[in-house]
Structures are given as structure tokens and as C-alpha cells.
Amino acid sequence: GNSVTQMEGPVTLSEEAFLTINCTYTATGYPSLFWYVQYPGEGLQLLLKATKADDKGSNKGFEATYRKETTSFHLEKGSVQVSDSAVYFCALSDTGGFKTIFGAGTRLFVKA
Amino acid sequence: SAVISQKPSRDICQRGTSLTIQCQVDSQVTMMFWYRQQPGQSLTLIATANQGSEATYESGFVIDKFPISRPNLTFSTLTVSNMSPEDSSIYLCSVKHRDWDYGYTFGSGTRLTVV
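Throughout what follows, the structure given in this document is the object of discussion. Not measured: the values here are computed from a predicted model.

**Observations concerning the pattern of salt bridges**
All names here are of chain A.
- Taken as a whole and assessed by the stated rule, the structure comprises five salt bridges over all chains.
- Put simply, K52 and D55 hold a salt bridge, and the shortest N to O gap is 3.3 Å.
- D84 is the partner of K77 in a salt bridge, and the nearest nitrogen-oxygen pair spans 2.7 Å. For the pair shown, K77 and D84 are each scored as buried.

Right, here's the structure in full:
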């Protein structure tokens with residue numbers, strides 16, 4: 001079946017450092033891929049998405065590219081801020097979006 | 001995008017009791033989803049609720065324990081029945097956008113503690 005594997009956290013970075021959170025997936029068909037962010041005490045928010053191979057999703061300085069050849073969707077940001085401290089979830093949805101599978105989540109701490 | 005109002009935001013309950021969580025959406029949606037997020041863990045899908053039909057439960061979740069209602073296209077409830085401390089979790093409702101490019105929207109969650 002479909003699955004998502006995400007790098008374990010927590011990840012601790014200093015402000016303005018480069019961020020990479022790895023995400024790989026296993027899926028049949030042509031899934032859509034997402035990154036969601038969960039700030040402390042809040043629900044999940046969609047950060048970015050990609051619906052087909054080679055698509056690049058981007059939002060708020062974060063980027064991720066749908067790599068079918070490596071079955072990856074790594075999240076990157078060139079310069080993190082303290083306000084980026086949150087838990088990040090990689091997710092995969094089947095064609096049509098009837099079921100979504102989430103990775104384990106990666107907690108990011110950014111120090112001033 | 002859709003806006004979801006979920007309540008209560010948190011509750012502390014005695015074991016053996018039941019709690020009903022409400023999820024109100026500001027637009028009509030076909031599919032609503034209920035998730036559980038145990039402390040420090042990822043989200044696990046409990047069930048999918050479609051208006052006018054029985055909810056579809058995932059493996060490990062049963063209707064007697066987590067009955068769901070979906071009376072119309074903007075509202076759903078999840079009940080956690082006969083609670084035990086193991087049910088302490090965050091429960092989230094979610095809807096799928098008609099425009100799939102927007103993915104899913106989540107409610108802010110209900111943080112349940114069973115004592």
C-alpha cells in the first residue's frame with residue numbers, strides 16, 4: 001500500500017540557516033503530494049502541494065519538487081525564521097483525494 | 001478556501017463517559033474526514049463521513065466506539081464513547097476542497113484528556 005517516510009526530528013537550526021526535511025513515498029498510480037504545517041496549539045495548514053511529476057510547490061519561502069524518479073518530495077527553505085518553528089507533515093493523497101496518508105511529522109525548532 | 005469551526009477545543013473527561021465533537025464548515029462539502037493525532041505522533045484517519053450514507057471506518061476503528069453523524073453537507077459530529085485514558089488525543093476534522101489544488105482544510109482540533 002501507499003506510505004510516506006519522513007526524516008525524524010527534532011531539527012534544531014539557527015535563524016537564517018538552510019532547511020531541508022526529507023520525505024520519500026511509496027505509491028501506486030499518480031498521487032498528489034503535500035506539505036502541511038502545524039503551529040503549536042493549532043490544526044494543520046496546507047503549506048504547499050504538487051500534483052504531478054516535476055511540479056514544484058512553493059509558499060512562504062518553502063519549496064518542494066515532486067521527483068518521481070527518486071519518489072521524493074523534500075521540503076527546503078533558504079533562510080528559516082523563528083516563526084517557522086512548527087511540526088511539518090509530508091502527505092500523499094491518492095488520485096481524486098479520497099484518502100490521505102501522513103508522514104510521522106518533523107518538529108523544527110529555530111533559535112534566534 | 002473552506003473555514004472549519006470545531007468544538008470543543010479541549011476537554012477533560014472521566015473514563016467511561018462519552019464526548020461528542022462538532023465540526024461545522026462554512027460551505028457545502030461532500031466528504032468530511034475525522035483524524036486522531038496521538039501525542040507526538042502523526043495523524044491517523046478514523047473514518048470518512050459522507051452525507052446521506054454510513055461513515056466508512058478505517059481498520060482498527062469501529063462504529064460502536066466512534067459513532068459519526070453527517071446530517072447535512074456542512075456539519076458532522078464524532079462521538080468518542082466509553083472513554084479510556086488511551087483515547088487521550090487530538091481529534092481533527094477535515095474537508096477536501098472541490099478544487100483539489102487546495103488539498104484539505106483542517107479544523108483546529110479537539111484536545112481530549114481522559115482521566
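Let us keep going from here.
**Examining the pairing of strand β4 (residues 23-26) of chain A**
All names here are of chain A.
- Burial along β4 is one-sided: the residues C23 and Y25 are buried and none of T24 and T26 is.
- Bridge count for strand β1 (residues 3-6) against β4 is four bridges, and the pairing is antiparallel. Each bridged residue has a counterpart across the sheet, and for V4 the counterpart in β4 is Y25.

**Some details on the sheet that holds strand β7 (residues 68-72) of chain B**
All names here are of chain B.
- As summarised here, the arrangement of the four strands in space is β1-β3-β8-β7, forming an open sheet in which the pairing is antiparallel. Either end of the sheet is taken by a strand with one partner, and the two such strands are β1 (4-7) and β7. Between one strand axis and the next, the sheet turns by 15 degrees as a mean value, whatever way the strands run.

**What about the sheet that holds strand β7 (residues 56-59) of chain A?**
Residue and element names in this part refer to chain A.
- What the four strands build is an open sheet, ordered β3-β9-β8-β7; its pairing is antiparallel. Two strands bound the open sheet, and with one partner strand each, they are β3 (19-21) and β7. Across this sheet, the average inter-strand angle for adjacent strands is 15 degrees, counted without regard to direction.
- Pairing between strand β8 (residues 62-65) and strand β9 (residues 75-77): three bridges, direction antiparallel. The partner of F62 across the bridge, within β9, is K77.

The rules behind each value
Residues numbered from 1 in each chain as written. Chains lettered and ligands numbered in written order. Predicted model: local features only at pLDDT ≥ 70, side-chain atom pairs only at ≥ 80, totals over all residues. Heavy atoms only, no water. Salt bridge = Lys/Arg side-chain N within 4 Å of Asp/Glu carboxyl O. Buried < 20%, exposed > 50% of the residue type's maximum accessible area, 1.4 Å probe, protein only. Helix = DSSP H or I, 4+ residues; strand = E, 2+ residues; numbered from the N terminus. Pairing = 2+ DSSP bridges. Axes fitted to C-alpha atoms, helices over the stretch in contact; angles between N-to-C directions.

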